[in-house]
Amino acid sequence: MSTATTTARAVTTSTIATGKSKDRNLASLIFLGVLWFSLFFGVVVLLALIIDTAIEGSGRFDHYLFTDYEKSIAHEQAQKFSELRGIPVEDLSNHFTGFRGGILGSLWLMITTALLAIPLGIAAATYLEEFADSSTWYNRMIEVNLQNLAAVPSIIYGMLAAAIMGLMGFQFKGIVIGGAIALALLILPVVIITTREALRAVPQDIRQGSLALGATVWQTTRRQTLPSAIPGIATGTILGLSRAIGEAAPLIMVGLAAVQWDPTGFTSKVEALPMQIFRMASSPQEAVQEAASAGIIVLLAMILGMNAIAIIIRNKFQRSW
Amino acid sequence: MSTQPATATSSTEGEPSALSLSIDEEAKHSVIGEVPAESVMETFHLNVFYGDFHAVHDVNLTFGKNEITALIGPSGCGKSTVLRCLNRMNDLVPGARVEGEINYHGQNIYGPKVDPIAVRQHIGMVFQKPNPFPKSIYDNIAYGPRVIGMKVDNMDDLVEEALRGAALWDEVKDKLKQSAYGLSGGQQQRLCIARTIATKPDVILMDEPCSALDPIATAKIEDLMLQMRKDFTIIIVTHNMQQAARVSDRTAFFTAKPDETTGNRTGLLVEFDRTKQLFSNPADKRTEDYISGRFG
Amino acid sequence: MTVVKEPGPPLGAGPAPVLTARSRPGETVIKALLRTAALLSVAITIGIILAVLQPAIDFFRQVPLSDFLAMSDPAESGELKPAVLPLLWGTALTTIVALLVAVPIGLAAAMYLSEYASKRARKWLKPTVELLAGVPSVVYGFFALSFVTPTLLNDILQLKVSLTNSLAAGLVLGVMIIPTIASLSEDSFSAVPMALRQGSLAMGANRMQTTVRVVLPAALSGVAAAVVLGLSRAVGETMIVALAGGSAKSTSVDPTEGHQTMTAFIAQTAAGENPPGSAEYNMLFAVALLLFVITFVMNMISIRIVRRFRQAY
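Residues numbered from 1 in each chain as written. Chains lettered and ligands numbered in written order. Predicted model: local features only at pLDDT ≥ 70, side-chain atom pairs only at ≥ 80, totals over all residues. Heavy atoms only, no water.

Enquirer: I'm lost on unusual backbone geometry in this one. Help?
Expert: Glycine aside, the phi torsion of most residues is negative, and most peptide linkages are trans. Residues and elements named next belong to chain B. Positive phi, close to 60 degrees, is recorded for Arg 88, a residue that is not glycine. Assignment of secondary structure puts Arg 88 in the loop between helix H2 (79–86) and strand S5 (96–104). Of note, the phi angle at Glu 208 is positive, near 45 degrees, even though the residue is not glycine. (Helix = DSSP H or I, 4+ residues; strand = E, 2+ residues; numbered from the N terminus.)

This is the structure:
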């Protein structure tokens, strides 16, 4: 099989080598140009997005962005800046609005989401990969169900989370645990699917070696398979969490709203960075738009940072078997 | 004494051509030579199926205590399948089904109350490709005794004993904490043998243990097997006939018979006898053809 | 003849080792826990249906189906605007614009990755394309609102577009689903057997002809699955359309106007304060149920097709 493919590739390459002139006619070159354009179209859009947003928000890269709550400013500061910059005091709050609530809230939400989704996701993936007999109808159903869940609109997870919060008897909307349930439901399929891939990448040889010594399936899983799969699981989980941190739609459904305080526990009212951006983005005031742009750069930096960590883990620890 | 009389009856007289026989008839014609005096394991009418596919047909074998038994035959003849039944590793293949009995010290290991994990604790296995765990050399050895809950007074001593038993101690004694992946292929395979010895099994199954190794590493493992024979019963699958001739006490020769309609190849036992006897004076024409290199 | 010794004690019977099953309570408990976690995924699906179905049923008790499946709201409906067809049209229009962007670009990117890029280049280029999927949709929404509409559509292309419009939302939505389409299409291109390409090249076709006339048709079902999955993503996406697609129902065919979509309706209505149990509140769930059913059907179609082409090669 692999030999056949190699031969096929060799033949293909040699055919191309001799037929080079045919691949250089005008139509082919235009075609290749279109493919190149398509490949880099996304990158260009992404660059335009980042540059445009960074320029728009450039006036707001100050510490108030991180230290202040939404639309709030201490009175004496307001006086000082009003004189300094010639902005009316009433309008000042918009110029110094900050993302403290959103940044702290998003971190709280992310950690709580991780606590909910990671153990559940790894447990489910471990069952499906190491214990389940994939030929039975119910395990196949779980499989199809997971694939579907990965593509369910995120806003619907928010509705489910709101219903769960109602059933659990929480009186207040917009608290940490509610948002975290919504986000955990959303990324659970992602965590399960990536964990399964990481487990599948561990060679069968390792499992057989352990089982042949008289280890049980769970001993083999806990002591051999899972430890070997940790880098892959970590990479997938971090990518899942980076998706959770940028989501706003499900949080709308669990009623997250602006807060003027730091979260202190799982039942504190909480704000999230993308929610704050969403509310500010539709504001007609220039100053708020400017702050939203700066907030986006903060959010993108957090997400890119998480992606970078995921890539570093993958490159550093992933074994090629 | 309890020596079974050598009731080998040649089946060549007036036998119709092999192809016209049904597989049942043909299996009845397998030649059983001298059977070991003291046996550890026996198979009775062993049949293996993968789904609808009949992989192995009616194998009857006796494995002698402190002997090395080699299973040989062309590829697809079911020798590895038979080996994997002996410690129930075949249970892990989806759709695999075993009929017949495999008796180990008088107990059918496919019996209803038998725990495959307990079976594997007594009957260890070494695989075709060296498969050390991604851990240190020390932890590779200590893993087995730990997971099966063996009472160990001093793990360091056990590790040393196992590594000595696999003729690896001198080469690795200074780097026990280093990763097993730093060892050469041959060393890795001996580490896998040491890992198996550490759990003190009774029988060790080896599935083409030298096929991924160079000749020097192969020679070391063959020497090791001959040393290990005094403590263990060894059953080895090999595609290398010289290896079977060099190390084994008894040899079982298998062949594959294609089904006329589906073309699926079913493995069956042709001949089982003392290695010397089987190689010098094979009773069956097919054995003779195979060992003289005329087919396979 | 074969000699078969009857089953019995071995000839040199030693002490018989114990092979009977030990009970391993820890193992059983852990397996049960892991299975529960796996079954939770099924519970989530059931939970979604239950959470959405009950208020949706209440809604249909309060409002006649004919008002829901209508092109426009009844003249005197007050707060409640029960017509869903305009929302469905808004979703359809935005999705069409998105697919017009994402299908050609995603397919072309997949063709390059599968047919032209070296293995090494692919290792770098694929994550680059997939980076687009990592950007939060609220960021895309802001980009549509603050750059695509005013700068790109109004100033550069000189189109007279509304402040919020389906064109800008659709374009950005299309960019967002490029990775979905490119990634799955690339898988199906790569699954096309080498022999097919070889045959075409041997007949004197060049690489472009081989890609377009041999590889693409052979991978068509996989491409279809990719497009359907991209479609499902576009239909379910919320933040872009909530920010940039408009907040009023419209049945106009003009994409330069604003059209409220199903998801935008849910997000924008939920952000307001409707008392639970009211028809306005329950309508959220009726629309969500429709949304879930639509995306569910599309996901199933996509999963089916993928399964079939995985078997084919």
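Anyway, onward from the coordinates.
Enquirer: Explanation requested: the confidence of the model for chain A in the structure shown.
Expert: When pLDDT is low, close inspection of the predicted coordinates is not appropriate. Taken as a whole, chain A shows an average pLDDT of 86; of its residues, 87% reach a score of 70 or greater. Taken together, the stretch residues 14–19 of chain A has pLDDT below 50 and engages in 3 contacts with residues farther than four places along the chain or on a different chain. (pLDDT = per-residue confidence, 0-100. Contact = heavy atoms within 4.5 Å.)

Enquirer: What is the right way to read the interface of chain B and chain A from this model?
Expert: For an interface, size is often stated in terms of accessible area lost upon the parts coming together. On the side of chain A, 18 residues touch chain B, which itself brings 25 residues to the contact. Taken together, both faces of the contact between chain B and chain A bury some 1800 Å²; the carbon and sulfur share is 59%. For chain B, the biggest contributors to the area lost against chain A are Pro134(B), Tyr143(B) and Val147(B); these three give 29% of the whole. Counting across the interface, chain B meets chain A through 1 salt bridge. Two residues, Asp205(A) and Lys129(B), come together in a salt bridge whose shortest N-O distance is 3.2 Å. In this structure, the connection of chain B to chain A is made through 7 residue pairs in polar contact (both at pLDDT 80 or more). Where the side of chain B that touches chain A is concerned, the elements lending two or more residues are helix H3 (116–122), strand S7 (123–126), helix H4 (137–147) and helix H7 (185–198) of chain B. If one sorts the elements of the side of chain B that touches chain A by residue count, H4(B) sits on top with 4 residues. A class-by-class count of the residues in the side of chain B that touches chain A yields 13 nonpolar, 6 polar and 6 charged. (Buried area = accessible area lost by both parts, 1.4 Å probe. Salt bridge = Lys/Arg side-chain N within 4 Å of Asp/Glu carboxyl O. Polar contact = N/O pair within 3.5 Å; in protein donor to acceptor, adjacent residues only side chain to side chain. Nonpolar A, V, L, I, M, F, W, Y, C, P; charged D, E, K, R; others polar.)

Enquirer: So what exactly am I meant to see when it comes to the environment of Asp170(B) here?
Expert: Residue and element names in this part refer to chain B. As for its placement among the helices and strands, Asp 170 is situated in helix H6 (residues 169–172). In this structure Asp 170 comes out as exposed when scored by relative accessible area, which is 59%. For Asp 170 and Glu 160, which are 10 residues apart along the polypeptide, the C-alpha to C-alpha distance reads 9.8 Å. (Buried < 20%, exposed > 50% of the residue type's maximum accessible area, 1.4 Å probe, protein only.)

Enquirer: Which parts of the structure should I look at to understand the interface of chain C and chain A?
Expert: Listed per partner, the contact involves 78 residues of chain C and 78 residues of chain A. Between chain C and chain A, a total of about 6800 Å² is buried, with carbon and sulfur atoms accounting for 79% of that surface. The tally of links between chain C and chain A comes to 0 salt bridges. Inspection of the region where chain C meets chain A yields 9 residue pairs in polar contact (both at pLDDT 80 or more). Broken down by element, the side of chain C that touches chain A gets its largest block of residues, 16 residues, from helix H1 (residues 25–62) of chain C. Residues of the side of chain C that touches chain A, tallied by class, amount to 55 nonpolar, 16 polar and 7 charged.

Enquirer: For this particular structure, what's the right way to read the side chain of Glu67(B)?
Expert: Residues and elements named next belong to chain B. Assignment of secondary structure puts Glu 67 in the loop between strand S3 (53–64) and strand S4 (68–72). When its relative accessible area of 12% is taken as the criterion, Glu 67 is described as buried. At a separation of 2.7 Å, a polar atom in the side chain of Glu 67 contacts the side chain of Arg 250. Discounting chain neighbours no more than four positions away, the residues touching Glu 67 are Pro 36, Arg 229, Phe 232, Thr 233, Ile 234, Asp 249 and Arg 250.

Enquirer: What exactly am I supposed to notice about the nonpolar core here?
Expert: Side chains that are nonpolar tend, in soluble globular proteins, to be buried together. One finds Ile48(C), Tyr140(C), Phe189(C), Ile266(C) and Val287(C) to be the most contacted residues of the largest nonpolar core, which totals 166 residues. No other element matches helix H3 (residues 85–116) of chain C, which puts 15 residues into this core. Formed jointly, this core draws a minimum of three residues from each of two domains, domain 1 (2–45) and domain 2 (100–317) of chain A. Discounting chain neighbours no more than four positions away, the residues touching Ile48(C) are Leu149(A), Val152(A), Ile156(A), Tyr157(A), Leu160(A) and Phe292(C). Membership of the second largest hydrophobic core comes to 44 residues, among which are Leu183(B), Ile204(B), Leu213(B) and Val247(B). (Core = buried A, V, L, I, M, F, W, Y, C linked by side-chain atoms within 4.5 Å. Domains from an automatic or database assignment.)

Enquirer: Looking at this structure, how should I read the domain arrangement of chain A?
Expert: What the domain assignment lists for chain A is domain 1 (2–45) and domain 2 (100–317). The gap between the C-alpha centroids of domain 1 of chain A and domain 2 of chain A is 39 Å.

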